[in-house]
Structure formats: structure tokens, C-alpha cells
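Residue-level listing of the chains:
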There are 2 protein chains.
Amino acid sequence: MVTLSDVARHAGVSASTVSYALSGKRPISDETRRRVERAIAVLGYHPHAGARALAGKRSHIIALVVPLHTEVYVPTMMEIAIAVTVAAREHGYDVLLLTNDEGTEGVRRVAASGLADGVILMDVTLDDDRVSVLRALDTPAALIGLPDDPAGLSCVDNDFALAGALCADHLADLGHRDVAFVGYGSGVYRRHAGYAERTLTGFRERAERRGLRFLHRPCEGTYESTAGTLSRILADRPDTTGFVVQNEAAIGPLLSLLRAGGRIVPEDASVIAICPEPLADQHSPRLTSVTGPTRELGQAAVAQVMARITAMAEGGLPEDELRLMAPDLVVRESTAPAPRRNSHR
Amino acid sequence: MVTLSDVARHAGVSASTVSYALSGKRPISDETRRRVERAIAVLGYHPHAGARALAGKRSHIIALVVPLHTEVYVPTMMEIAIAVTVAAREHGYDVLLLTNDEGTEGVRRVAASGLADGVILMDVTLDDDRVSVLRALDTPAALIGLPDDPAGLSCVDNDFALAGALCADHLADLGHRDVAFVGYGSGVYRRHAGYAERTLTGFRERAERRGLRFLHRPCEGTYESTAGTLSRILADRPDTTGFVVQNEAAIGPLLSLLRAGGRIVPEDASVIAICPEPLADQHSPRLTSVTGPTRELGQAAVAQVMARITAMAEGGLPEDELRLMAPDLVVRESTAPAPRRNSHR
DNA sequence: TTGTAAGCGTTATCAA
DNA sequence: TTGATAACGCTTACAA
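To start, this report covers the structure provided alongside it. Keep in mind it's a predicted model, so treat the numbers as computed, not measured.

## Some thoughts on the protein's contact with DNA strand C
Logical step 1: Near DNA strand C there are 28 residues, and of these Thr17(A), Arg26(A), Thr32(A), Leu4(B) and Tyr20(B) occur at the shortest range.
Logical step 2: A share of 52% is what sugar and phosphate atoms reach among the atoms of DNA strand C within 4 Å of the protein.
Logical step 3: One of the backbone nitrogen or oxygen atoms of Leu4(B) is found 2.5 Å away from a phosphate oxygen of DNA strand C.
Logical step 4: Within the contact set of DNA strand C, a base nitrogen lies 3.2 Å away from a side-chain nitrogen or oxygen of Tyr20(B).
Logical step 5: Of all the secondary-structure elements, those providing two or more residues to the surface near DNA strand C are α2 (15–23) and α4 (49–56) of chain A together with α2 (15–23) and α4 (49–56) of chain B.

## Focus: the relation of the copies chain A and chain B
Logical step 1: Once chain A has been moved 0.0 Å along the axis and rotated by 180 degrees, it coincides with chain B to within an RMSD of 0.1 Å. Look at the turn and shift together and you get a two-fold axis relating the two.
Logical step 2: Of the interface residues in chain A, 100% have counterparts in chain B that sit at the interface too, so the contact is made through matching surfaces.

## Side note on unusual backbone geometry
Logical step 1: Along the chain, Val265(A) connects to Pro266(A) via a cis peptide bond; the corresponding omega equals 10 degrees.
Logical step 2: With respect to the element layout, Pro266(A) can be found in the loop between α12 (248–260) and β9 (270–274).
Logical step 3: For the bond running from Ser284(A) to Pro285(A), omega is 0 degrees, close enough to zero to count as cis.
Logical step 4: Within the secondary structure, Pro285(A) is located in the loop between α13 (277–281) and β10 (288–291).
Logical step 5: With a phi angle near 55 degrees, Asp123(B) is a residue other than glycine that sits in the positive phi range.

## A short note on the protein's contact with DNA strand D
Logical step 1: Near DNA strand D there are 27 residues, and of these Leu4(A), Tyr45(A), Thr17(B), Arg26(B) and Thr32(B) occur at the shortest range.
Logical step 2: Taken together, the sugar and phosphate atoms account for 58% of what DNA strand D places within 4 Å of the protein.
Logical step 3: Within the side chain of Ser16(B), an N or O atom sits 2.9 Å from a base nitrogen of DNA strand D.
Logical step 4: Between DNA strand D and Ser29(B), the relevant distance is 2.8 Å, taken from a phosphate oxygen to a side-chain nitrogen or oxygen of the residue.
Logical step 5: Classifying every residue of the surface near DNA strand D by side-chain character gives 11 nonpolar, 11 polar and 5 charged.

## Focus on the interface of chain A and chain B
Logical step 1: Each side of the interface is counted separately: chain A has 35 residues, and chain B has 35 residues.
Logical step 2: Summed over both partners, the interface of chain A with chain B buries about 3,100 Å², with 72% contributed by carbon and sulfur atoms.
Logical step 3: On the chain A side of the interface with chain B, the three residues burying the most area are His46(A), Met78(A) and Leu97(A), jointly 20% of the side's total.
Logical step 4: For the pair chain A and chain B, the interface holds 4 salt bridges.
Logical step 5: Its salt-bridge partner being Arg89(A), residue Glu102(B) comes within 3.5 Å of it at the nearest N-O pair.
Logical step 6: Where the side of chain A that touches chain B is concerned, the elements lending two or more residues are α4, β1 (61–66), α5 (74–89), β2 (94–99) and α6 (105–112) of chain A.
Logical step 7: The biggest single contributor to the side of chain A that touches chain B is α5(A), with 9 residues.
Logical step 8: Grouping the constituent residues of the side of chain A that touches chain B by class yields 23 nonpolar, 6 polar and 6 charged.
Logical step 9: The sheet contact formed by β2(A) and strand β2 (residues 94–99) of chain B spans 3 bridges and is antiparallel. Along β2(B), the bridge assignment pairs Leu97(A) with Val95(B).

## Describing the sheet that holds strand β4 (residues 141–144) of chain A
Logical step 1: Spatially, the 12 strands line up as an open sheet ordered β11(A)-β5(A)-β4(A)-β3(A)-β1(A)-β2(A)-β2(B)-β1(B)-β3(B)-β4(B)-β5(B)-β11(B), and their pairing is mixed. Only two strands of the sheet have a single partner each, and these edge strands are β11 (322–325) of chain A together with β11 (322–325) of chain B. Across the sheet, the mean angle from the axis of one strand to that of its neighbour is 20 degrees, orientation sign disregarded.
Logical step 2: Across 4 bridges, the pairing between strand β5 (residues 154–158) of chain A and β11(A) is parallel.

## Focus: the side chain of Asp178(A)
Residues and elements named next belong to chain A.
Logical step 1: Position of Asp178 among the secondary structure elements: in strand β6 (residues 178–182).
Logical step 2: Here Asp178 falls in the buried class, since its relative accessible area comes to 3%.
Logical step 3: Side chain to side chain, Asp178 and Arg213 meet in a polar contact 3.0 Å long.

## Observations concerning the packing of helix α1 (residues 4–11) of chain B against helix α3 (residues 30–43) of chain B
All names here are of chain B.
Logical step 1: Viewed as axis vectors pointing N to C, α1 and α3 meet at an angle of 120 degrees, and their least axial separation amounts to 9 Å. As the angle between them shows, α1 and α3 are arranged oblique. Seen from above, α1 lies across α3 with right-handed handedness. Two secondary-structure elements touch here, α1 through Asp6, Val7, His10 and Ala11 and α3 through Arg35, Val36, Ala39, Ile40, Val42 and Leu43.
Logical step 2: Taken together, the residues of the contact of α1 with α3 break down into 7 nonpolar, 1 polar and 2 charged.

Cut-off values and rules
Residues numbered from 1 in each chain as written. Chains lettered and ligands numbered in written order. Predicted model: local features only at pLDDT ≥ 70, side-chain atom pairs only at ≥ 80, totals over all residues. Heavy atoms only, no water. Near = heavy atom within 4 Å. Polar contact = N/O pair within 3.5 Å; in protein donor to acceptor, adjacent residues only side chain to side chain. Helix = DSSP H or I, 4+ residues; strand = E, 2+ residues; numbered from the N terminus. Least-squares fit on C-alpha atoms with pLDDT ≥ 70 in both. Contact = heavy atoms within 4.5 Å. Nonpolar A, V, L, I, M, F, W, Y, C, P; charged D, E, K, R; others polar. Buried area = accessible area lost by both parts, 1.4 Å probe. Salt bridge = Lys/Arg side-chain N within 4 Å of Asp/Glu carboxyl O. Pairing = 2+ DSSP bridges. Axes fitted to C-alpha atoms, helices over the stretch in contact; angles between N-to-C directions. Buried < 20%, exposed > 50% of the residue type's maximum accessible area, 1.4 Å probe, protein only. Parallel < 35°, antiparallel > 145°, perpendicular 65-115°, else oblique. Left-handed = near helix turned anticlockwise from the far one by under 90°.

Here it is as C-alpha cells:
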């Protein structure tokens, strides 16, 4: 292995000079800098990561904790993971992949051993055990998703309230008056899924402001439950012409059922899906959708841990950040102006 | 930070004793072991990763290189990545996530800096640059996928030849006589895609042995190209009753087209898909499929790097392994006994 | 602008 | 069965 002293010897300087030349933490004459760079290139020197971590008190590694079995769409998760990795590199960091099959032990281990300087948690739920561990360890961390109490932590997430609002606006703009929100199964609302409530709240407020009459119906996502949901909606509000679906699994069933019921999308009924783009794109008709920025989520999370790592290294108290990323509404083929009233009575 | 000497002091022993108690590399009396364990628990000691890597010449990290844009189904890739991570933990290893947006530099960096003791490459193609880099660096490595020259390397992959053979067997067993293989676009065959040829070869040999008459047709996977492929097949061999599809993208179109052409699956035509289970499951009718074991791929790759790391640490020459994992044929609803001849003439 | 030297927290080689 | 002690390769005061 080529070491720093090898480089120093080859360049005819001291080891510290090489170190400083590399880190730029003190001025180096052009002449020496060149000699050092030359030696590094010739010898093919790469600083030893362990030694660097030991002496420098920084591993230059962040841990990324991915959910083992997730409710989120896997390709989206993968895209975030890759975005995190790429963004980390731009800060000179590498990414350690952690699953939570060790429970919270994994996080504790890498943080306490100095393996990772910081942690990014994906798919955070309202009451997430891992969050308390991180807070207790006082490790620089960023969460993707919102816990119930984000105090002392930095978080990024999609702005689901805005997503809901965009849906209401779009339907209102198209002249729909009676709309329905087909949500997740009631279990999701009862449990840790903050995003479900946030979406609904955002939708409700905007719907009210825009004078929409609306119904919220939870939906398990199976064909049968979607059928039940839809028929109840139409029984309660036969004039419903706009649908917002947040449960990805219910999208396919809903479309089939509308078709089966003689309602053409988008002529008779408009449908907006809150889901990743590829999903919206693969249905027929292609769905108007509201989608959060995926890569940006990862990048923002990295920026947040980096900020915290730097702050703590300088002995400061890191600032809590809460960043909500605005989703995009993409109009495709499943939404259109509301039909004239009573055409389906 | 709690250090080894803190533990030693608390337990009233020397630092080396604690180290040995932890590694088990020399006998320790029950009495001292207990004291040491006690101290570790009380103080909440975690060995410093960097120090361990520096002194022990092992980082206990392997790098996993994932493709940036992959041709493989993302959930499968994710499942492999997670399987690798979990399996690595069982060997006391953590996993560093690498993309190849740095080109081959990432691999070089982590190997040369001692950040990773070994590397696993996912989605390896026949002529993969990363492979030559690894060979040159002489880093313990395992490949998932087969390069053209696996000499000096360990590889795991699905046994695609067997996958092809299983398809031929299943159709032959059901009494089909004329079958068609709907493959990937011709570009895939012209390029680096060893798995495509291997599948085809396995299918062809078994088909011949079983006395099947068969046609191979490449297919780009769009609706139009699938339509063209299918009509040519039926023009050339009107009696074709069995279909094997390897191009995931062509599955949907093929099913629609058969239906549109008045052929009921599986009564009039049987279809086998070579694809991941979830994909086979989400079509209607649910598809009989041939699927490689995903998690096992990851586990095997980990076993292989570990073997090579150990061998090299002991100064030995690691043994090359080439492990092909047997795929499973799962019979679902898309295959049935061949219909009586000429029913569609 | 550069060099010297004292750690950083382990592992492993000697002795005892 | 245990204890000193010298590496391991780098960073960073402190001197010059």
C-alpha cells in the first residue's frame, strides 16, 4: 500500500506538507504543490480511509437506512437511494446501506462506532423508534418523512398538503362541483401515516375554499373494497364527477369500475392520482397525477445531514430544518372539464 | 467516546486483554471475560471502526455497485441489494452503496483506500469495464451476472439456460408441438446480453430434444413490434400454441394481441413468462412463469466475496467460483394442455 | 511556507 | 492466562 510518507519521500517534503497539500488547510507554494501532486499521480496514492477516520474524527460516510418491507413504491425508493449516494459524493461522502432488520441496533452501531458521521432515515413514520434512538445518540441525522415530533431533527418530505390542494384546484378549475377523495385503508389513517392525513387536510381546505362539495372515503385497495367505496360514493353523491385517488393499489380497480359502470374517463369522470409518474403513465388513459420530486428529496436530505455534521463538528448547535418539497401536477388524459349535470342520473 | 482502554480500566485488565476477549483470538479466563463483558455493557462501548480498520487491516465493509439506469426490474434489484446487506451483516460486514456515475473510479477509490475489503458488482454485462478494473486491482470481488471472461473472478447468476429448458419442458409436457420464443429486441442479442443467448440456447436444445418445432423471434417490446412479431409467428406457423416471452415489456402487448386475435389464454394458447414473480402475478390471467431466486443471488455473492477476502488475507490464492442458480417454474393460469390441432386454422 | 511530533483507538507481537 | 508496547496511516497543534 502507498502511504502518505511514501508520497512525502518521493516529493522530497514532509508528511504533513502532503497532508496539507491535500486538505488545503494551509497555504502551500505552487512548487511544492506540483511536486506533491506529481508524486501522488506517479505512485497512485489513495489516502487510507481508516487512518483518516481515526486521525480526522470523520469517517466521511453517512448511513442510509432503508425500510425492509415498505409501503412506498420500490422504484421511487431506489431512486431516492441513488440520489442520496450521488449527492453524498459531491460532498466527499460515501453511503453505507442499512436495513432495519437489526431494529434500531444498526443505527446505534454505526453511529457509536464512528462508522458513519450521520444518518439518513427513509420512510419515516409518525412514531418511529429509530427517531428516538437518533435523538438520544445525538447523531447528525435527516429524516425523509415526518415523525410526530421533529424537534431536534431535520426532515424533508413531500408537501402532501399542497398535493391535496393541487388536486382540489385542478378539479375546481375544470368546473367539477362534486368530487370524491379515495384514500388509503382506514388502518393507514389510524396508524402512523401522517402523509395520509396531511394530504386529506390539504385537499379538504382547498376544496372548501373553492366551493367544492366533497366526500372522503377510505379504501383498502382491493378490487372488492374499491367497488364498495365507489358504489357508496355514487349512492351518496350521484353527481360526483371528479375523483382523487391516493391509494396506488386502488387506481387500477377504480378505472375498471368506472368503465364497467359506463362512465368514460375523462368525458364523464375525471381522475387524478397522487402517485409516482411511471405509475400514472402506465394506465389507460394516462393519468393526470400529482407527484413529488424524488431526486430532490434525496439531495435535500443529504444537504441537511451535511449541515448538521458541519455544525456539530464546529461545536455549534445544528439548526432544525423542516423542508417540504412542492409536488408537480402533470395533466395527462384522465381529467377534463366537468360534464353537464345529471348526465348520469 | 468510550474507548478500549476505558473498558480495560473499568474491568481492571489491560487493553490487549479486552481486545482478545472481543475477538476470541486467544483464551480468556471465564472470570476476566465476565468482567470485560460487564464493563462493555456498563460503559456502552462500541469499537471504533476506523481504528479497527487501521490496525486490523480490514474495514469490514464491502462495496455494492448498483447500475444507475438498469435494464433489470428495479424491485428485483432492490431485493438483491437488501439481501446482500442482510447477508453481509451475518459475516460482520456492512455494505457501502456505490453507483457507477463515477465510472470505474468509485470502485478504484474504495478498493485502493481500504474503505472496502471487497466488491460486489450488480448487473454485470459481457464486456464490463468495471471487471477489468477489479482484476487489475486484485480486489476480492463477486459479480452478479456473467462477463465474457470470468477468469480470476467469482460470479453468480441465474441459470438462464435452465430457465429456457424448463419452458420447453413444460410446454412439451402439456402436449404442445409448435412453440414460439418471443425474445428481446435484436439489439440485446447483438450487444452484451449474455443472458439472452443463454436462455435461447437452453430453450433450443431442450426443445429439440423434446421434439418441439419452434421459432425464435426477437421483439422490441412495444405494442407495435409485438404485433408484428406475433403476426409473423402465426403466418409462419399457424399451429403455434405455446409462447415463451422473455421481454417483460412484451408480456402485456402479447396478451392483449392474443385476446384480440380471438385466442383465449390458456385454452387456445399457453404463455410462459421468464420474469420476476410479482410481474407474472399482476397480469390476467396470472402467468405461469420461470423465475430465478433473487435473495439467494445476493447471499451467494456475499459468500463468494467473503471466501475471496478470507483467502487473500491468509495469503492464499482465492478459488474462482461460477455459480448458476436454478430458476423455478411456477405454474399459474396461463398454461394448459395443447388444444386439438387446427382449431384456429 | 515548511517540518516535527504527538496523538487517534485498535491489533498483534513479544514477554512474562 | 495476561500485560506492555510497537505498529497501523493520517491529522493537526506547535515550532521554525
